[in-house]
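What follows is the residue order along each chain.
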Amino acid sequence: MEEPIVEIKNVSFSYPPLEVLEDVNLTVKKGEFLAIIGPNGGGKTTLLKIILGLLKPQKGEVYVAGKRIGELRKWRSKIGYVPQAAQIDYTFPITVEEFVMTGRFGLIGLGKRPRPSDWEMVQKALKEVKMEEWSKKQIGELSGGQRQKILIARSLASEPEILILDEPTTAVDLESSESFYELLLRLHKEEITIITVSHDVGVVAQYADSIACLNRRLIKHNRPEEVIREGVLEEMYGKEAAFFHHGVIPHIVVQKTPPER
Amino acid sequence: MEILQLAFMQRALLIGLIVGALGATLGVFVVLKRLSFMGAGISHAAFGGIALGYFLGWNPILTAVIFCVSVGIGISMLIESNQIKEDTAVGVFFTSTMALGILLIGLKKGYNIDLFGYLFGNILAVSREDLIISLVIGVIITFSLYFFYKELTLSILDPEMARVIGLPLNFLNYLLVSLIALFIVISVRIVGIILVSALLTIPAATALRWSKNLKKVLAISLIDSLGCTAGGLTLSYYLDTASGATIVILTTLVFFVSLLLNIVNRKIQPTA
């Protein structure tokens, strides 16, 4: 559990003239469940995209499993990704199970076809998110919440060692959201490294090993209770944020909007 | 049937069916990736390529292959660099390559070129050599689509995910554009430069309204295209009309009738 799996060193990124990330240093250990929180425009999604190699930082280095992302080759397929605003064409003629199968394309290899064992993994992933009955439906027939679930299933289908999630419970109803975090906990027990971006500080604080507070700079990376005790949240979200308590951990409501949409 | 006993009709039908089948399958990927206009652009560049071949004294078809692939990849690179928008890039290239063609033909005075045949198709001009080139290119296109079926699908469906898992996205884009260029060059004899993008767009557009399963879409597009090519060629023989135009008009008729049926069908069963 002590071995670093993601190392972010002195990373700065800007869409000139806008500086999005400034000198960010963050180490994620193998098997860690990390939640990244922070205000909108704080650079959370940008940081995830840098880890994934979708964006190249102007300064600094990122290592995944000890290598630069461009040198990862086959290991890349061990990274599961659930994007926030997926650039997916939902009119595309493809069924739910075929869509989830695309998560395994990196494992299957160039020019090869899925085998029965691949289809078994797809069904298993669909069961995890309770979408197995929708296997044969076209992806355009799904609701927003269901679309989110098949994105999660796709990331699981790749049998990931690192799971990177960008606001995974957006558009998912409360019940599904809870069972989703239970699912993450189970994966966490299997030593899968989880990096998730979330608005829902109260919820992730119950599940995550550590919380990283990001607002252009990395303000804090520590255990949830430490982050909350030290008043980092007020510093980050400002006075407009309202807190309410649920057990020992305060829920945060940013700009007085409810945490679940 | 008497028309099948004519050697030129046999060749025309054979090359027509090859072209129809390739356009139908490749076209599904083109329409899904919204590259129809790119297809139209590259087809006009084929004119520049053919003229260049004549001007240099090279085989016009092979020169056009190299020229069109270069233009297609050039447009893609320009779009990727975010310097120019896609429609603008295509608009600039297809007019300028055509202008180049006209210029080069003008410079080669006294040379008798079947310009009309290249623009609108001329099945009488289909030679054995054309047939062989078509077969070879047909095999290349079919093999590429089959081999990269899975990768092309993901690169169109979700390019971001394709990049995350490390698919060679640029290569796949250039591959698709190159296949379009190859297809266009071998179709020129049948329907001509002006009409060729119809084969790449219309059967696929028809099929995409009837199924939400990619393999079925490919099958419907294939049947539609083969039927219309064979039907159009036969009609053009009996009606003594231009073969390329007849095929395109027939394909378009099928598209509109199918569209109408599709709309009526959806009104009856709104959830289907």
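Computed from a predicted model, the values in this text were never measured in an experiment.

What counts, and at which threshold
- Residues numbered from 1 in each chain as written.
- Chains lettered and ligands numbered in written order.
- Predicted model: local features only at pLDDT ≥ 70, side-chain atom pairs only at ≥ 80, totals over all residues.
- Helix = DSSP H or I, 4+ residues; strand = E, 2+ residues; numbered from the N terminus.
- Rg over C-alpha atoms; globule rule 2.2 N^0.38 Å.
- Buried ≥ 20, exposed ≤ 12 C-beta atoms within 10 Å, placed from the backbone.
- Contact = placed C-beta atoms within 7 Å.
- Nonpolar A, V, L, I, M, F, W, Y, C, P; charged D, E, K, R; others polar.
- Pairing = 2+ DSSP bridges.
- pLDDT = per-residue confidence, 0-100.
- Axes fitted to C-alpha atoms, helices over the stretch in contact; angles between N-to-C directions.
- Parallel < 35°, antiparallel > 145°, perpendicular 65-115°, else oblique.
- Left-handed = near helix turned anticlockwise from the far one by under 90°.
- Core = buried A, V, L, I, M, F, W, Y, C linked by C-beta atoms within 7 Å.

(A) Just the overall build of chain B, in detail. Along the backbone of chain B there are 12 helices and 0 strands. From first element to last, N terminus to C terminus, chain B shows the α and β order α-α-α-α-α-α-α-α-α-α-α-α. Here chain B has a C-alpha radius of gyration of 19 Å; the compact-globule value for 272 residues is 19 Å, and the two agree. Along the first, second and third principal axes, the C-alpha set of chain B runs to 60 × 50 × 30 Å. Here chain B holds 272 residues, and the buried ones make up 49% of them. Considering only residue pairs separated by 6 or more positions, chain B has 74% of its internal contacts joining residues 24 or more positions apart.

(B) Quick look at the overall build of chain A. When helices and strands are counted, chain A shows 9 helices and 12 strands. Considering only residue pairs separated by 6 or more positions, chain A has 66% of its internal contacts joining residues 24 or more positions apart.

(C) Looking closely at the interface of chain A and chain B. Each side of the interface is counted separately: chain A has 21 residues, and chain B has 21 residues. Breaking the side of chain A that touches chain B down by element, the ones donating at least two residues are strand E6 (79-82) and helix H3 (105-108) of chain A. When the residues that make up the side of chain A that touches chain B are grouped by side-chain class, the tally is 12 nonpolar, 7 polar and 2 charged.

(D) Representation of the environment of Ile202(B). Residues and elements named next belong to chain B. Within the secondary structure, Ile202 sits in helix H10 (residues 196-208). Along the sequence, Ile202 and Ala24 sit 178 residues apart, while their C-alpha atoms lie 8.4 Å from each other. Every residue in contact with Ile202, bar those within four places of it in the chain, is listed here: Thr251, Thr252 and Phe255.

(E) Focus on the sheet that holds strand E4 (residues 59-64) of chain A. Residue and element names in this part refer to chain A. Read across the sheet, 4 strands follow the order E2-E1-E4-E5 without closing on themselves; strand pairing throughout is antiparallel. Edge positions in the sheet fall to strand E2 (18-29) and strand E5 (67-68), since each has one partner strand and no second. In terms of strand pairing, strand E1 (residues 4-15) meets E4 through 5 bridges, oriented antiparallel. Its bridge partner being in E4, Lys9 is matched across the sheet by Glu61.

(F) Molecular detail of the pairing of E4(A). All names here are of chain A. Two strands pair when backbone bridges link them, and E4 and E5 are joined in this way by 2 bridges, in the antiparallel orientation. Opposite Tyr63, over in E5, you have Arg68 as the bridge partner. Counting the residues that bridge the hairpin from E4 to E5 gives 2 residues, and of these Ala65 lies at a positive phi of roughly 50°.

(G) Layout of the confidence of the model for chain A. Across chain A, the average pLDDT comes to 83, with 87% of residues at or above 70. Under a pLDDT of 50 for its full length, residues 244-250 of chain A has, in the predicted model, 13 contacts with residues more than four places off or in other chains.

(H) Region of interest: the sheet that holds E6(A). Residues and elements named next belong to chain A. Pairing in this open sheet of 6 strands is mixed, and the strands run E6-E7-E8-E3-E9-E10 from one edge to the other. On the outer flanks of this sheet lie E6 and strand E10 (217-222), each paired with one strand and no other. Strand-to-strand twist of the sheet, defined as the mean angle between neighbouring strand axes without regard to direction, takes the value 15°. Of the pairings in the sheet, the one linking strand E3 (residues 33-37) to strand E9 (residues 210-215) comprises 4 bridges and is parallel in character. Note that in E9 the partner of Ala35 across the bridge is Ile211.

(I) Representation of the packing of helix H3 (residues 60-80) of chain B against helix H4 (residues 86-107) of chain B in the model. Residue and element names in this part refer to chain B. One way to put it is that H3 packs onto H4 with a least axis distance of 9 Å and a crossing angle of 150°. Comparing their axes, H4 and H3 come out roughly antiparallel. The two elements H3 and H4 cross, and the hand of that crossing is right-handed. In this structure, H3 uses Val71, Ile75, Leu78 and Ile79 to contact H4, whose residues at the interface are Glu86, Ala89, Val90, Phe93 and Thr97.

(J) Broad picture of the nonpolar core. All names here are of chain B. Ranked by size, the top nonpolar core spans 156 residues in total, and within it Ala46, Cys68, Ile180 and Val185 carry the most contacts. Ranked by the residues each element gives to this core, the list is headed by helix H1 (residues 7-32), at 15 residues. In contact with Cys68, not counting residues within four places along its chain, are Ile42, Ala45, Ala46, Gly49, Ala181, Ile184 and Val185.

(K) Looking closely at the confidence of the model for chain B. Per-residue confidence for chain B averages 89 on the pLDDT scale, and 96% of its residues sit at or above 70. Per the prediction output, this complex has pTM 0.86; the corresponding ipTM is 0.84.

(L) Structural view of the environment of Val172(A). Residues and elements named next belong to chain A. With respect to the secondary-structure elements, Val172 resides in the loop between strand E7 (162-166) and helix H6 (174-189). Owing to 23 C-beta atoms within 10 Å, Val172 belongs among the buried residues under this scheme. Those residues within four positions of Val172 in sequence are excluded, and the remaining contacts are Gly145, Gln148, Ser177 and Phe180.

(M) The arrangement of the packing of H10(B) against helix H11 (residues 214-239) of chain B in detail. Residues and elements named next belong to chain B. The interhelical angle for the contact between H10 and H11, taken along N-to-C directions, is 125°, at an axis separation of 8 Å. The angle between H10 and H11 falls in the class oblique. Two packed elements cross with a definite hand, and for H10 against H11 that hand is right-handed. Facing Leu199, Pro203, Ala204, Thr206, Ala207 and Leu208 of H10, the residues of H11 in contact are Val217, Ile220, Ser221, Asp224 and Ser225.

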